[in-house]
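# Summary of structural features
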Amino acid sequence: MKKLILGSLIAATLVGSSIPAAARTNVDFVVNVGPPALHYEHVPAPRAGLVWVPGYWDWRFERYRWVRGHWTRHRPGYYYEPVRWAGHHGHHYRHGGRWRDRDGDGVPNRYDRAPYNPYWR
C-alpha cells in the first residue's frame, strides 16, 4: 500500500513539473481603493538600446506597494505601455505594463505585411 501511494506521489510530481507555465504574466485586476499619488522618480539619462519603464503603484498583499522604475531592452517595432490605474464606478483597474506593436494590429512588425500602418487589416 505504501509503495502504491509513493508511486502515485512521484507520478503526480513528474506530471505536474511538465505542465508549461502560463504564457501571459501580466494580469489586469480590480481594487476598490484608489492608489496613492505617484512618487517623484528621477529618470536617468537615455541609454542606447534600452527603454525606461517608469515606477508605479502595484497591489500586493492587500495593499499598494511602490515598484521602482528600471531599464529594459528595447524591442524594435514595439512601444512600452506603462502601468496605469483607471477609476470607474468606485473601482480601480490596473492596465498596462506590456509591450504593444506600433500599429496596434496584433501582428509583430517582423511578420507584418504593412508595419506601421494602423489602417491595414
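Residues numbered from 1 in each chain as written. Predicted model: local features only at pLDDT ≥ 70, side-chain atom pairs only at ≥ 80, totals over all residues. Heavy atoms only, no water.

### As for the overall build of the chain
Operational definition: Only DSSP runs of H or I reaching four residues or more are called helices, and only runs of E reaching two or more are called strands; each is numbered from the N terminus. Remark: exposure states derive from per-residue accessible area (1.4 Å probe, protein chains only) relative to the maximum for the residue type, with buried under 20%, exposed over 50%, and partly exposed in between. Only heavy atoms matter for contacts: two residues are in contact if any of them lie within 4.5 Å across the pair. To measure how exposed things are, a 1.4 Å probe is used in the Shrake-Rupley method; for residues, cover is taken only from the protein chains shown.
Looking only at helices and strands, the chain features 1 helix and 9 strands. Counting from the amino terminus, helix and strand elements in the chain follow one another as α-β-β-β-β-β-β-β-β-β. Taken over 121 residues, the chain has a buried fraction of 21%. Pairs at least 24 residues apart make up 42% of the contacts formed inside the chain by residues separated by at least 6 positions. For the chain, the exposed area adds up to about 9600 Å²; of that, 60% sits on carbon and sulfur atoms.

### Remarks on the confidence of the model for the chain
When pLDDT is low, close inspection of the predicted coordinates is not appropriate. Basically, it comes down to this: The pLDDT value expresses, per residue, how confident the predictor is, ranging between 0 and 100.
When pLDDT is averaged across the chain, the result is 76; 69% of the residues are at 70 or more. pLDDT under 50 marks residues 2-6. Its contacts with residues more than four places away, or in other chains, come to 0 contacts. Counted against residues more than four places away or in other chains, residues 14-24, with its pLDDT under 50, gives 1 contact.

### Quick notes on the packing of aromatic side chains
As a reminder, the rule being used: Stacked, edge-to-face and tilted labels apply to pairs of Phe, Tyr and Trp rings (six-membered ring for Trp) whose centres lie within 6.5 Å, assigned for plane angles under 30 degrees, over 60, and everything in between, in that order.
Evaluation of the coordinates by the stated rule reveals 5 aromatic pairs. Summarising the aromatic geometry, the rings of Trp 59 and Tyr 64 are spaced 4.9 Å apart at their centres and angled 80 degrees between planes, so their arrangement reads as edge-to-face. Members of the aromatic cluster, connected to one another through ring pairs, are Trp 59, Tyr 64 and Trp 85.

### Re the environment of Asn 32
What counts, and what does not: Side-chain atoms alone can form a polar contact between residues adjacent in sequence; in general such a contact is a pair of N or O atoms within 3.5 Å, and within protein one must be able to donate a hydrogen while the other accepts it.
Assignment of secondary structure puts Asn 32 in the loop between β1 (30-31) and β2 (50-53). As a C-alpha pair, Asn 32 and Tyr 93 span 61 residues in sequence and 8.8 Å in three-dimensional space. Among residues more than four places away in sequence, those in contact with Asn 32 are Gly 90, His 91 and His 92. Separated by 2.6 Å, the side chains of Asn 32 and His 91 make a polar contact.

### Some words on the sheet that holds β1
Paired through backbone hydrogen bonds, the strands of a sheet run either parallel or antiparallel to each other. Rule in force here: Here a strand pair is declared whenever DSSP counts at least two bridges between the two strands.
Overall, antiparallel pairing links the 3 strands, which are arranged β1-β8-β7 in an open sheet. Either end of the sheet is taken by a strand with one partner, and the two such strands are β1 and β7 (84-88). In terms of strand pairing, β7 meets strand β8 (residues 91-95) through 5 bridges, oriented antiparallel. What sits directly across from Ala 86, in β8, is Tyr 93.

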